[in-house]
Structure formats: C-alpha cells, structure tokens
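What follows is each chain in one-letter form.
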Amino acid sequence: MRWWLFSLLMVASMVSHAALPEPVSDLLRKNGIAEENVAVYVQRVDQSAPLVDHHSDRPMKTASTMKLLSTYAGLELLGPAYRWRTGLYHDGRLENGVLHGNLIIQGRGDPYLLAADMRAMLEDLRLAGVEDIHGDIVLDADYFARRFHDAAEFDDKPHAPYNAIPNAFAVNIKSTSFYFLVEEGKLKVESDPELPEIHIHNQLKLVRGDCGDWKNRVQFMVEPIGDEVNVTFTGDFPQACRSKTLELNVLEDGPYAYALFRNHWQSLGGKFKGKWRYGVLPEGAAHLLTHDSQPLSEIIRTINKYSNNLMVRQLFLTIAAERVASPATEVDGIHAIRAWLASKGLHFPELVLENGSGLSRNEQISAKHMAAFLLAAYASPVMPEYLSALPIPSVDGTMANRLRNSQARGSAHLKTGTINGVSALAGYVHDNRGRRWVSVIMVNDPKASASRAAQDALIDWIYQQP
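Since the structure is predicted, the reported quantities are computational estimates derived from the model, not experimental observations.

A. A look at the packing of aromatic side chains. Taken as a whole, this structure holds 14 aromatic pairs when the rule is applied. With a centroid separation of 5.1 Å and an interplanar angle of 85 degrees, the aromatic rings of tyrosine 82 and tryptophan 84 are classed as edge-to-face. By the burial criterion, tyrosine 82 is buried, and tryptophan 84 matches it. Members of the aromatic cluster, each reached through a chain of ring pairs, are Phe178, Phe180, Trp214, Phe233 and Phe237. The cationic tip of arginine 44 hangs over the ring face of tryptophan 437; the distance from NZ or CZ to the ring centre is 6.0 Å. Above the face of the tryptophan 265 ring, arginine 126 is positioned so that its terminal group lies 6.0 Å from the ring centre.

Here is the structure:
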C-alpha cells in the first residue's frame, strides 16, 4: 500500500513538473497571453529528462535567440581563436614613398572593423613606406556574394542599424551617430564620423516640455546623391533633452568605407590623387600588410551581449565561405550549419534558417531542439567561451535591467530575443545549490512583449529549485 502511494506521488510530481510553473502561468494569464502560444523547456545539464516541458515540440519563431545557434556553430566550425584578415595590396610599384598603382583592400568579412581599426591599419600602411598613392582605391568585397538585399524588407526601416546588410568590407558596423546638442538655446546636429559626404539639414524646432519619448518626435529623410547623401531632420526636439544620439545607416557601403579611408589617410599626412571603385584582387598583386580582427571568442561577446544583427550575419556568411564556397551566400551558410548539426547527431526537421540573426519572420526552431543544442554546447570544448559571451541578468548587455530584484541576478547567462509578436529568453541558469540548468522560453503571441515578467519568473523559479 505504501509502495503504491509513493508511486502515485512520484507520478503526480513528474506531471506537475512537466507543466508550466505556477508563477509563470499566473503572469501569462494576467497579461492576456494564451499558454498555447508559449513553449518552455527546462533541463538540468547533468540529467536526461526535463523538469519543465510545455509545447516544446512546437516550431516557434525565435527572434534574436537564433544567434545562440549561429555563434555556437561559429565557435566549433571556425574555432575561438579565428580572426578575420583584411589585406592591403598594390598592383604597381612602390618607390620613395610613392605608390605608382592602385591600392587594393581585400575585405574578408570582419564583423567589427571600426573606424579606429581603419586608422590603425593606415598607420601601418604609412610604416610600410607608403606616403602618396598615384592610383585608385580598389575595394575587393567578393568574399561574400554581392547580390541585392532589400534593407527595408523586414520592417520598412532601411536606415535602422539593425537592418544593415552584410558586406565583406563592412566598416564601423556601417553606422553613423547623429548628435543632437542644445547649446545656448540653440539646437545643433552633428555626425560622427564627420564626413563631407554626409550633408545634414537641420529643420528641427526646439520646444519646451519633458524629454520623454523624443525619438518619436524627430523624423528624418535620407536622400542619396551619388556617393553622397542628404539627411534632413524635421519635427520637434524638447529642450529638456539637452543631448541625445541617434544611430543611422545612411551611406552606401563603398562610399562610406572610402570616405573613412580618405579622412584617416589625409589626417595621417598621406596623399591620394585617385578615386575609389569595386574590383577583385588581381593575380600577382604585391602584399603590403594584413590587419587581424579580434578573435572570434571576443567578437561573439559583442554579438550576443548586445544582439548585433550585422555582426552575426557577417559570421554566418564567414562560416559559409570557410566551409562551403566563396563568394558566400546565406544558402551556403544554411547548408554548412545543417551539415554540422547532422555531424553531431542533432536533427532538427522544423529548423528554418535565413540569415542566422533572428531578424526574420521565418526563422524558427522548437524549444526542445534549442535546448538540445544548448546542452550540446555545454558539453563542448568551446563551452567557456560560449557561456561568457551571453548577457548576465542585472549585470550587462540586453539583460542589464532584468531580474534586478531577483535572487537569480548575476546567476545566469541568457540571450534575449524580441520582434513584433515574438519574445524569447534562452540560455543557462546557475541555481542556489550550484547546479546548472538549460532554460528556453519562447512566446509567439500578439502580446508577446508583455511576457517579460513571466520569463523572469521562470528564471527565478529555476534558481530556487530545492
């Protein structure tokens, strides 16, 4: 009799654990989110059965949690020490500081080639003996396939930095900072980098009132004119804001890279008499120098902690180029990652990849299979680099303001994901007894943005497991 009662209690316990935890269920209900639109999977890394399994077989849109798969694949397929190499060559002769010929810059997809890196690269070029370039600047971006991408396709915001399109020679994350500065009762608008190709037309009105949601009061229009661009700002700017910054992608890739090159080259005392154009590195070109990126282990920290779409798309295409073919396409990246998953015995028939960033209405995976690759990553030699790249609640990245009043703050590594109708949170939780859990929650619901409290409640509940 006692044995029967014990077995019944054990079954009841397993059923209750398989269901959504009560704090999570209550908060979903309170915020008007149907439980059938939520998938959850929680499993301890040293156990074979889940603690929570709710609609985990259902294909779900992932938003930026798809970056977890792309960065894990990058670490295993390229290695944590992988570096992108940008090469400088010439096709003429170098005599007494004068380069008689073209300077060719061969981009290899560096996701994080900032303006400061461009300057350092050109300082090295001066040290290599080049002072005056009597030729053109040729940009070789053929490591990635150059084909049409509509930057407005996702949400009709082509100048938003998160919609930036990959390029094998993408400089400064293709972003320009516009500073709105109130000084002595007047409003100035300045850009960084400050380039003559960017013409700012300030038609903003300085008004009284609280700063509030100032971005919705500022409108802008971007008008390309050849290799230059007019950026016109209209609307109201509250005086109480004092200073604000708006990041935009306004110049095309080639003109932007060339403008940064020219500005830094001239500021370093270099001379240049030609123009710029796209081209391919010719056979027999003479090597001048190579600029190495940060290692991949550092690059993925920026990708995952700050959810950078362009950088992970550059990584996705680099995997394609290194593992399939170059010039690389997104289809090549999909093939490379599917083949890698299959080699690990991970078969995800519902998985849909487009660009590996989650900036997609089509990318999807089930909660169970996201947990499966997270468990595989935990058992991988690249686990330390992988975990350290994820945001920590109440500490940094996209989780800096989450779980501030929870005992779980600082005790998890979690990736967020948010687009309209989708909100997700996935990663690892270190509980109060020193055990580690894989946790995945994905919400596909018109009110998905209201699910954050329920997501946080799940993490808090896992942390407090007995």
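B. Molecular detail of a negative patch on the surface. Residues Asp150, Glu153, Asp156 and Glu354 make up a contiguous surface patch of negative charge. With respect to the helices and strands, the residue aspartate 156 is situated in the loop between strand 9 (137-140) and strand 10 (176-183).

C. Up close: the state of the cysteines. This model, assessed by the stated rule, comprises one disulfide. For cysteine 211, the disulfide goes to cysteine 241, at an S-S distance of 2.0 Å. As the torsion about the S-S bond is roughly 105 degrees, the cysteine 211-cysteine 241 disulfide counts as right-handed. Separated by 30 residues along the polypeptide, cysteine 211 in the loop between strand 12 (198-207) and strand 13 (218-225) and cysteine 241 in the loop between strand 14 (228-238) and strand 15 (243-248) bring together distant segments of the chain. The exposure class of cysteine 241 is buried, given its relative accessible area of 7%.

D. Examining the nonpolar core more closely. Core analysis: the largest hydrophobic core is formed by 60 residues, its most contacted members being Leu69, Leu296, Met370, Phe373, Leu374, Tyr386 and Val440. What methionine 370 contacts, discounting residues up to four positions off in sequence, is Thr62, Thr65, Leu68, Ile365, Ala426, Val440 and Met442. Formed by 48 residues, the second largest nonpolar core is a distinct cluster that contains Met118, Ile198, Val231 and Trp276.

E. How the structure looks around the sheet that holds strand 10. Spatial strand order, 11-10-15: three strands in an open sheet with antiparallel pairing. On the outer flanks of this sheet lie strand 11 (186-192) and strand 15, each paired with one strand and no other. Neighbour-to-neighbour, the strand axes of this sheet turn through a mean angle of 20 degrees, independent of strand direction. With six bridges joining them, strand 10 and strand 15 adopt antiparallel strand pairing. In the strand pairing of strand 15, phenylalanine 178 is matched with leucine 246.

F. Fine view of the packing of helix 3 (residues 67-78) against helix 8 (residues 330-343). Contact pair helix 3 / helix 8: the axes reach a minimum separation of 11 Å and the direction vectors enclose 75 degrees. Between helix 3 and helix 8, the crossing angle belongs to the class labelled roughly perpendicular. Contact with helix 3, carried on its side by Leu69, Tyr72, Ala73, Glu76 and Leu77, involves Ala336, Ile337, Trp340 and Leu341 of helix 8 and no other residues of that element. Looking at the contact of helix 3 with helix 8, its residues break down into eight nonpolar, no polar and one charged.

G. Layout of unusual backbone geometry. Residue proline 193 is bonded to the preceding aspartate 192 through a cis peptide linkage, with omega at 5 degrees. Turning to its location among the elements, proline 193 is positioned in the loop between strand 11 and strand 12. The step from serine 326 to proline 327 runs through a cis peptide bond, and the omega angle for that step is 5 degrees. One non-glycine residue, serine 394, lies in the positive phi region at around 65 degrees. Topologically, serine 394 is positioned in the loop between helix 10 (383-388) and strand 20 (412-419).

Cut-offs applied
Residues numbered from 1 in each chain as written. Predicted model: local features only at pLDDT ≥ 70, side-chain atom pairs only at ≥ 80, totals over all residues. Heavy atoms only, no water. Phe/Tyr/Trp six-rings, centres within 6.5 Å; stacked < 30°, edge-to-face > 60°. Buried < 20%, exposed > 50% of the residue type's maximum accessible area, 1.4 Å probe, protein only. Lys NZ or Arg CZ within 6 Å of the ring centre and 35° of its normal. Patch = residues over 30% accessible without salt bridge, like charges linked within 9 Å, V, L, I, M, F, W, Y side chains within 5 Å. Areas by Shrake-Rupley, 256 points an atom, 1.4 Å probe, with all protein chains shown as cover. Salt bridge = Lys/Arg side-chain N within 4 Å of Asp/Glu carboxyl O. Lys, Arg positive; Asp, Glu negative; His and termini not counted. Charge placed at Lys NZ, Arg CZ, Asp CG, Glu CD. Helix = DSSP H or I, 4+ residues; strand = E, 2+ residues; numbered from the N terminus. Disulfide = S-S within 2.5 Å. Core = buried A, V, L, I, M, F, W, Y, C linked by side-chain atoms within 4.5 Å. Contact = heavy atoms within 4.5 Å. Pairing = 2+ DSSP bridges. Axes fitted to C-alpha atoms, helices over the stretch in contact; angles between N-to-C directions. Parallel < 35°, antiparallel > 145°, perpendicular 65-115°, else oblique. Nonpolar A, V, L, I, M, F, W, Y, C, P; charged D, E, K, R; others polar.

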